[in-house]
Amino acid sequence: NVSRTHAGAPYSFLWVSAGSQPELEANFNIGGFGYPALAAYSPKKNAYASLKGGFSIQEIDNLIKDLRKGKIAVGAIKGDLAKIKTVAAWDGKDASVQVEEEFSLEDIMGSDEEERKEEL
């Protein structure tokens, strides 16, 4: 919707799956604060601005409008712009949840009862 709203504007859009392009994420300092994440990039200025707020059509539209008006601070990308790597296509499903085996703290630290017996 946003790309259609701003058709003809000097913007291009690229979507990548979280974690699939780590060098590119590093260029834009994306990933440390969670996903989804969005950065608007100007190749001419080699600068970008990140969306800070809700990830919605309205928020993305506001970001683009505010950038055009010069209301948002931009920063230089980190390093040389990474090349886009070819990765397996997203299957449209969420990743499977990794279930970790639970453990008892008593197994690691011992129980209070054991400590009392040792003190006696």
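Residues numbered from 1 in each chain as written. Predicted model: local features only at pLDDT ≥ 70, side-chain atom pairs only at ≥ 80, totals over all residues. Heavy atoms only, no water.

Draft legend 1. Representation of the overall build of the protein chain within the structure. The number of helices and strands found in the protein chain is 5 helices and 3 strands. Shown N-terminal to C-terminal, the secondary structure of the protein chain runs as helices and strands in the order α-α-β-β-α-β-α-α. Classification of the 120 residues of the protein chain by burial places 18% in the buried group. (Helix = DSSP H or I, 4+ residues; strand = E, 2+ residues; numbered from the N terminus. Buried < 20%, exposed > 50% of the residue type's maximum accessible area, 1.4 Å probe, protein only.)

Draft legend 2. Highlighting the nonpolar core. The biggest cluster of nonpolar side chains holds 6 residues, and these are Leu24, Phe28, Ile30, Tyr48, Ile77 and Ala82. If we ignore the near neighbours within four places in the chain, the residues touching Phe28 are Ala39, Tyr41, Tyr48, Ser50, Ile77 and Leu81. Core analysis: the second largest hydrophobic core is formed by 5 residues, Val2, Leu51, Leu63 and Ile64 among them. (Core = buried A, V, L, I, M, F, W, Y, C linked by side-chain atoms within 4.5 Å. Contact = heavy atoms within 4.5 Å.)

Draft legend 3. Structural detail: the confidence of the model for the protein chain. Here the protein chain averages 80 in pLDDT, while 86% of its residues score no lower than 70. No element of the protein chain has a lower mean pLDDT than helix α5 (residues 112–119), which averages 61, and none a higher one than strand β3 (residues 75–76), which averages 90. (pLDDT = per-residue confidence, 0-100.)

Draft legend 4. Quick peek at a nonpolar patch on the surface. Judged by side-chain polarity, Phe103, Leu105, Ile108 and Met109 come together as a nonpolar surface patch covering roughly 500 Å² of accessible area. Within the secondary structure, Met109 sits in helix α4 (residues 105–109). (Patch = residues over 30% accessible without salt bridge, like charges linked within 9 Å, V, L, I, M, F, W, Y side chains within 5 Å. Areas by Shrake-Rupley, 256 points an atom, 1.4 Å probe, with all protein chains shown as cover. Salt bridge = Lys/Arg side-chain N within 4 Å of Asp/Glu carboxyl O.)

Draft legend 5. Quick look at the pairing of strand β2 (residues 47–50). Covered by surrounding structure in β2 are Ala47 and Ala49 together with Tyr48 and Ser50, the residues of both alternating faces. When strand β1 (residues 39–42) meets β2, the two strands line up antiparallel, connected through 4 bridges. Pairing of Ala39 across the sheet is with Ser50, part of β2. Between β1 and β2, which pair antiparallel in sequence order, lie 4 residues; one of them, Asn46, sits at a positive phi of approximately 50°. Here β2 pairs with β3 via 2 bridges, running antiparallel. Within the sheet, the bridge partner assigned to Tyr48 lies in β3 and is Gly75. (Pairing = 2+ DSSP bridges.)

Draft legend 6. Examining the side chain of Gln21 more closely. Relative to the elements of secondary structure, Gln21 occurs in the loop between α1 (2–5) and α2 (22–27). On the basis of relative accessible area, Gln21 is assigned to the buried category, the value being 3%. The residues touching Gln21, leaving out its near neighbours within four places in the chain, are Val16, Lys83, Ile84, Lys85 and Val87.

Draft legend 7. Spatial organisation of the pattern of salt bridges. Enumeration according to the criterion identifies 2 salt bridges in this entry. A salt bridge links Glu23 to Lys85, with the shortest nitrogen-to-oxygen separation between them at 3.1 Å. Placement of Glu23 in helix α2 and of Lys85 in the loop between β3 and α4 is noted, with a sequence separation of 62 residues between them. For Glu23, a relative accessible area of 37% translates into the label partly exposed. Residue Lys85 is classed as partly exposed on the basis of its relative accessible area, which comes to 42%. For Lys65, the salt bridge is made with Asp61, and the minimal N-O distance between the two is 3.0 Å. Placement of the pair is Lys65 and Asp61 together in helix α3 (residues 57–68), with a separation of 4 residues, close to one helical turn.

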